[in-house]
Amino acid sequence: VDSIFEHKAVHMAVLIHLFILILMFFDERKNGLWNVIYSCKNGRAYMSVCRLCSLVICNLLFTCLAFGSVILTSLIDYDSFYILSRPVQCISAFQNFTLQMNIGGFFIYYVIWQAVAAVMMSVIVWFVLSVVHNRTYAFVIVSLMFLVGYYLTTTITEQSPVAVLRYANLYFLYDTTYVYS
């Protein structure tokens, strides 16, 4: 179970999927269709709602598929389906986890919250890329948001008066695994 949470390649795959999906939303600007969409009645509003729905659905499906496949593969490789009914607190890394649930329920809980975090992160990145029309500046801003979030996550302790900044940043949405232990 510990090795599943140390598998960071899935987080990177979700992040790459997020950027590819969001960048596909801006193809009409490259093709010169932005003025046509902008001038249509309900063109922008309808397109924004459709894109938000597709962003949410695609992120939920991809995140659940990515994390679910890692968990399922690990359970098959180590032939450890029998541990799914044990309490999650029996694992030393999760002894301080406050919710009373078994390991199977925790895996479902973990995948759901990773999917919600991926959706929230994708909406924030989509917002930044939509507001800042220059792609270079937009990527610099998103990169700075990740770097500042990483710095806050690694330097602020849980007992600090500003500990909320440790959890209210873009890097936290990228990797929420340290919250569970």
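First things first, this report covers the structure right here in the doc. Given the structure is predicted, the values throughout are model-derived calculations rather than measurements.

The next subject is the pattern of salt bridges. Under the counting rule described, the total for this entry stands at 1 salt bridge. Arg166 is the salt-bridge partner of Glu158, the closest N and O atoms lying 3.7 Å from each other.

The next point concerns the packing of helix H2 (residues 9–24) against helix H7 (residues 135–155). At their nearest, the axes of H2 and H7 sit 14 Å apart, and the two run at 155° to each other. Put simply, H2 runs roughly antiparallel to H7. Handedness of the crossing formed by H2 with H7: right-handed. Contact with H2, carried on its side by Leu15, Phe19 and Leu23, involves Phe139, Val142 and Phe146 of H7 and no other residues of that element.

Quick look at the side chain of His11 now. Its place among the elements puts His11 in helix H2. Excluding residues within four positions of it along the chain, His11 makes contact with Phe67, Tyr110, Gln114, Tyr174, Asp175 and Thr177.

Take the packing of aromatic side chains next. Going through the model one piece at a time under the given rule, you end up with 13 aromatic pairs. On the numbers, 6.0 Å between centres and 45° between planes, the contact of Phe19 with Phe139 is tilted. Taken together, the residues Phe19 in helix H2 and Phe139 in helix H7 connect sequence positions 120 residues apart. Site record: aromatic cluster; members linked through ring pairs are Phe67, Phe94, Phe97, Phe106, Tyr109, Tyr110 and Trp113.

Attention now goes to the environment of Leu60. Turning to its location among the elements, Leu60 is positioned in helix H5 (residues 43–77). Residue classification places Leu60 among the partly exposed positions, given a relative accessible area of 32%. Taking the C-alpha atoms as reference, Leu60 lies 9.5 Å from Val111; in sequence the two are 51 residues apart. With sequence-adjacent residues up to four places away left out, Leu60 is seen in contact with Ala115 and Val119.

Here is what the cut-offs are and how they apply
- Residues numbered from 1 in each chain as written.
- Predicted model: local features only at pLDDT ≥ 70, side-chain atom pairs only at ≥ 80, totals over all residues.
- Heavy atoms only, no water.
- Salt bridge = Lys/Arg side-chain N within 4 Å of Asp/Glu carboxyl O.
- Axes fitted to C-alpha atoms, helices over the stretch in contact; angles between N-to-C directions.
- Helix = DSSP H or I, 4+ residues; strand = E, 2+ residues; numbered from the N terminus.
- Parallel < 35°, antiparallel > 145°, perpendicular 65-115°, else oblique.
- Left-handed = near helix turned anticlockwise from the far one by under 90°.
- Contact = heavy atoms within 4.5 Å.
- Phe/Tyr/Trp six-rings, centres within 6.5 Å; stacked < 30°, edge-to-face > 60°.
- Buried < 20%, exposed > 50% of the residue type's maximum accessible area, 1.4 Å probe, protein only.

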